[in-house]
Amino acid sequence: MDAQGRGRAEHIDPADQWVLNPVTGEYELRPPPSAPQSAVPGPRGAAPGGSGRATAPGGSRGRGARASAPAPSTAPDRDVPGPRRRRTAPEEPPPGRRGRRRPAKKSKGKKVLLWSGGTMAFVVLAAGTAGYLYLEHLNDNIQSVADDGASTGGFQKDKAINILLIGTDKRTGAGNEGYGDTGSAGHADTTILLHVAKDRSNATALSIPRDLIVDVPDCPTTQEDGTQKVIPGSPGVRFNTSLGQDGRTPSCTMRTVTELTGVTPDNFMVADFNAVKTLTSAVGGVEVCLAKDIDDPDSHLKLPAGKHTIEGEQALAFVRTRHSVGFGGDLSRIEIQQQFLSALMRKLKSNDTLTSPSKMVKLAEAATEALTVDSKLDSIGKLKDLGLELGKLNTKNLTFATVPVRDNPAETVKATVVLQEGPAQQVFDMIRDDVSFTEVKKKESEKEKKEKAAVAARLEGAKSDPSEIRVRILNGGAAAGSAQQELNHLQTEAGVTKSENAGNADTELAKTTLEYAPDQADQARALAEILGLSGAAMKPGESVANAQGLPTMTLTLGRDFKEPGAKLDATAVKAPEEVRKSTADKVACAK
């Protein structure tokens, strides 16, 4: 009898029979002494009533696929794969050989905390933690759809990660038909671009308002029969129509985000209303705070001011409410969703969740059932790898932010919003350039301290007269015409007369750089002072010949270049004041 069968027979929660072995660091099945157990788990049978899921071509996968193990004739059907083989005393080694014990594995329990976010989709990242309990079963839960070439091809462990998290307003599922718009095709109701830094020291969860006016591009889309169809784009429409409208799939939302932000997501995850209900119930509820009484007939949320632990239908009502908080619009709802996600993340990161096998099993089950992912992220193994990367993050360095927007000036009755161009572009640049929205304090090694000192030393020493500086200027990502504008400024305002415009650079750069030969260090320090360059922007290298055939430094203007004469300090980038932001470690009350 497997864990599930034994639990039903003896009124024991099967998940509570999985116990953490302090020696191996893994969960093992510890049945009651009276319960007999087969030495080898039998193959998994169909769930009662049938699962409705087809077996992958080629037969079963994973640990449960043991063709040589005969199934006991009395074995009941199973909901999940059989338990791990019970550990017994080791056999005596053959004469003349020394027995060697396999070294105990280090515990993954402390390392694989998988936190989450995104009203519907963010929390599904938690699935990986409990995945090793029954991978085959969880794999069967996961649904995937094609990314249609809209992604980078999938996240990589040695690079920054960008995951597009989409919560749809599709009303499928028990109890959801009462939330209005029952015929919705499933639009992008809640969308978060989750950026995780390359060094995993910080992350930004950027909410994109559903009523933001954007241009939806043409979208090549895989049809149910495997053929591709290009769905025509739509200029000047609500962002939420990038999904569901005219047969658009999540890959079209991904293309729209790339068009809007300049950031190409690595993967996407999608979930509907049921995700919030099942996941909050799986962890035993999430504590939220209200600064005032709320009675919202549209979302069905009715709670007095104060702290409350919510789950299921009540949790869904909380993240959907908007008329009773803030200004009563979608931007107010985004704020309450971010507060909820912060609370959920703290709950997932708590020992109360991590040390409970029962909760972890329920969480893995609920998360994979709620999840639709792109075809590059379609197994529990891939989700686990992603979760391990995300688990390295400290909650205090996860920033929730919203794209800076303003009311649409073309409307008399305000219903949609448009970008605040300057602040919004700065936010997009920070994400694209992997700049943290929070101050991250890092412990530096001796090697890092020496490297930092060496970089700072590039600014120290003698400086040439501006008239002796020879430099050519390339445009490597700044606005069109920037190289000529900066040339004019240097020649007329700064006295750098031996300068020339060399056109566009071969590659685009995030930050402005100055490359120079060792014998040009005096010139480089002088130009760095004029431009406000940091030591990090100064790149010792080689000189090139200018139009007169003389050795010349190369100044390449990056995307951080704003206008001639503006100081360029690559280390001093901060989020604009217009950005509403909060961090996941702080408790906030909905107002």
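Located above this text is the structure these notes cover.
This one's a predicted model, so the numbers in the text were calculated from it and none came from an experiment.

Trainee: Looking at this structure, I do not really get the overall build of the protein chain. What am I missing?
Mentor: Along its length, the protein chain carries 13 helices and 26 strands. Residue burial in the protein chain is summarised as follows: out of 591 residues, 48% are buried. A separation threshold of at least 6 residues defines the contact pool for the protein chain, and within that pool the share at least 24 residues apart is 74%.

Trainee: Explanation requested: the packing of helix H4 (residues 273-282) against helix H5 (residues 312-320) in the structure shown.
Mentor: Any two packed helices are characterised by how steeply their axes cross, that is the angle between the axes, and by the distance between the axes. Where H4 meets H5, the closest approach of the two axes is 8 Å, and the angle between their N-to-C directions is 125°. Overall, the two elements H4 and H5 adopt an arrangement that is oblique. Here H4 runs over H5; the crossing is right-handed. Contacts between H4 and H5 pair Phe 273, Val 276, Lys 277, Thr 280 and Ser 281 from the former with Gly 312, Glu 313, Ala 315, Leu 316, Val 319 and Arg 320 from the latter. Of the residues assigned to the contact of H4 with H5, the class counts are 5 nonpolar, 3 polar and 3 charged.

Trainee: Can you help me understand the pairing of strand E5 (residues 188-196) in this one?
Mentor: Every other side chain in a regular strand lies on the same face of the sheet, so the side chains alternate between the two faces. Of all 9 residues that make up E5, 9 are buried, and the element is covered over most of its length. Bridge count for strand E4 (residues 161-168) against E5 is 8 bridges, and the pairing is antiparallel. If you follow Ile 161 over to E5, its bridge partner there is Val 196. Sheet topology note: the E5/strand E6 (residues 203-208) ladder contains 6 bridges and is antiparallel. In the sheet register, Leu 194 faces E6, and the bridge partner there is Ala 205. Here E5 folds back onto E6 in antiparallel fashion, the turn holding 6 residues, of which Arg 200 has a positive phi close to 60°.

Trainee: So what exactly am I meant to see when it comes to the packing of aromatic side chains here?
Mentor: Here the distance between the centres and the angle between the planes together describe a pair of aromatic rings. Applying the stated criterion across every chain, the model contains 1 aromatic pair. Considering the side-chain rings of Phe 318 and Phe 340, the 6.2 Å spacing of their centres and the 40° angle between planes classify their relative orientation as tilted. With Phe 318 in helix H5 and Phe 340 in helix H6 (residues 330-349), this residue pair connects regions lying 22 residues apart in the sequence.

Trainee: What exactly am I supposed to notice about the nonpolar core here?
Mentor: What tends to happen in soluble globular proteins is that the nonpolar side chains get buried as a cluster. Within the largest apolar cluster, 57 residues are counted, with the highest numbers of intra-cluster contacts made by Leu 194, Met 269, Phe 318, Phe 340, Leu 386 and Leu 398. When residues of this core are assigned to their parent elements, the largest contribution, 7 residues, is made by H6. When neighbours within four sequence positions are excluded, Phe 340 is seen to be in contact with Val 276, Thr 280, Val 286, Val 288, Ile 310, Ala 315, Phe 318 and Val 319. Counting 33 residues, the second largest nonpolar core, distinct from the first, contains Leu 260, Val 405, Met 430 and Phe 437.

Trainee: Explanation requested: the state of the cysteines in the structure shown.
Mentor: What makes a disulfide is a covalent bond joining the sulfur atoms belonging to two cysteines. Applying the stated rule across the entire model yields 2 disulfides. Note on cysteine connectivity: Cys 219 is disulfide-linked to Cys 252, with sulfurs 2.0 Å apart. Judged by the sign of its S-S torsion, about 65°, the bond between Cys 219 and Cys 252 is right-handed. Of this pair, Cys 219 sits in strand E8 (residues 219-222) while Cys 252 sits in helix H3 (residues 250-261), and the two are 33 residues apart along the sequence. At a sulfur-sulfur separation of 1.8 Å, the disulfide partner of Cys 289 is Cys 589. An S-S torsion of about 75° defines the bridge between Cys 289 and Cys 589 as right-handed. Placement of the pair is Cys 289 in strand E12 (residues 286-290) and Cys 589 in the segment after strand E26 (581-583), with a sequence separation of 300 residues. You can call Cys 589 partly exposed: its relative accessible area is 28%. Taken in N- to C-terminal order, the disulfide-linked cysteines of the protein chain are connected 1-2, 3-4.

Trainee: Please clarify how the side chain of Asp 374 should be interpreted in this entry.
Mentor: With respect to the helices and strands, Asp 374 occurs in strand E16 (residues 372-374). No salt bridge forms around the buried Asp 374; measuring N to O, its nearest opposite-charge neighbour Lys 376 is 5.8 Å away. Polar side-chain contacts of Asp 374 include one of 2.7 Å to the backbone nitrogen of Lys 376. Excluding its chain neighbours within four sequence positions, the residues that come into contact with Asp 374 are Ser 144, Val 145, Asp 147, Asn 267 and Phe 268.

Trainee: I tried to follow the sheet that holds E26 on my own but got confused; where do I start?
Mentor: Two pairing modes exist for strands in a sheet, parallel and antiparallel, and in both the strands are linked by backbone hydrogen bonds. Spatially, 8 strands are ordered E3-E16-E11-E4-E5-E6-E17-E26 in an open sheet, and the strand pairing comes out mixed. Lying at the two open borders of the sheet, with one neighbouring strand each, are strand E3 (143-145) and E26. Neighbour-to-neighbour, the strand axes of the sheet open up by a mean angle of 20°, direction not taken into account. Where strand E17 (residues 398-402) lies against E26, 3 bridges are found, and the strand directions are antiparallel. Following the sheet pairing, Ala 401 is matched in E26 by Lys 581.

Trainee: Is there a simple way to explain the pattern of salt bridges in this structure?
Mentor: This model, assessed by the stated rule, comprises 17 salt bridges. For Asp 330, the salt bridge is made with Arg 210, and the minimal N-O distance between the two is 3.6 Å. Highlighted residues: Asp 330 in helix H6 and Arg 210 in the loop between E6 and strand E7 (213-216), separated in sequence by 120 residues. Residue Asp 330 shares its accessibility class with Arg 210, and that shared class is buried. Residues Arg 525 and Asp 522 are paired through a salt bridge, measuring 2.7 Å at the closest nitrogen-oxygen approach. Within this pair, Arg 525 and its partner Asp 522 are both found in helix H13 (residues 521-531), separated by 3 residues, close to a single helical turn. Because the salt bridges share partners, they merge into one network encompassing Asp 189, Arg 210, Asp 211, Arg 238, Asp 330 and Arg 333.

Trainee: Please explain the environment of Met 538 as it appears in this structure.
Mentor: Among the structural elements, Met 538 can be located in strand E23 (residues 538-540). The class of Met 538 is buried, set by a relative accessible area of 1%. C-alpha of Met 538 to C-alpha of Arg 525: the two residues are 13 residues apart in sequence and 8.6 Å apart in space. With residues near it in sequence (within four places) discarded, Met 538 still touches Arg 458, Leu 459, Leu 514, Tyr 516, Ala 524, Arg 525 and Ala 528.

Trainee: I'm lost on empty space enclosed by the protein in this one. Help?
Mentor: With a probe scaled to a water molecule rolled over the atoms, the places where space remains empty come into view. Throughout the structure, instances matching the rule amount to 2 cavities of 30 Å³ or more. By volume, the second largest cavity amounts to about 80 Å³. Forming the boundary of the second largest cavity are 15 residues, of which Thr 190, Thr 191, Ser 207, Ile 334 and Gln 337 lie nearest the centre. For the lining of the second largest cavity, the elements supplying multiple residues, two or more each, are E5, E6 and H6. The greatest single-element share of the lining of the second largest cavity, amounting to 6 residues, is contributed by H6.

What counts and how
Residues numbered from 1 in each chain as written. Predicted model: local features only at pLDDT ≥ 70, side-chain atom pairs only at ≥ 80, totals over all residues. Heavy atoms only, no water. Helix = DSSP H or I, 4+ residues; strand = E, 2+ residues; numbered from the N terminus. Buried < 20%, exposed > 50% of the residue type's maximum accessible area, 1.4 Å probe, protein only. Contact = heavy atoms within 4.5 Å. Axes fitted to C-alpha atoms, helices over the stretch in contact; angles between N-to-C directions. Parallel < 35°, antiparallel > 145°, perpendicular 65-115°, else oblique. Left-handed = near helix turned anticlockwise from the far one by under 90°. Nonpolar A, V, L, I, M, F, W, Y, C, P; charged D, E, K, R; others polar. Pairing = 2+ DSSP bridges. Phe/Tyr/Trp six-rings, centres within 6.5 Å; stacked < 30°, edge-to-face > 60°. Core = buried A, V, L, I, M, F, W, Y, C linked by side-chain atoms within 4.5 Å. Disulfide = S-S within 2.5 Å. Lys, Arg positive; Asp, Glu negative; His and termini not counted. Salt bridge = Lys/Arg side-chain N within 4 Å of Asp/Glu carboxyl O. Polar contact = N/O pair within 3.5 Å; in protein donor to acceptor, adjacent residues only side chain to side chain. 1 Å grid on protein atoms, 1.4 Å probe; cavity = no way out; pocket = protein on both sides within 12 Å on 5 of 7 lines; lining within 4 Å. Points joined across faces, edges and corners; volume = space filled by probe spheres on them.

Keep in mind that these numbers describe shape and distance, not what the molecule does.
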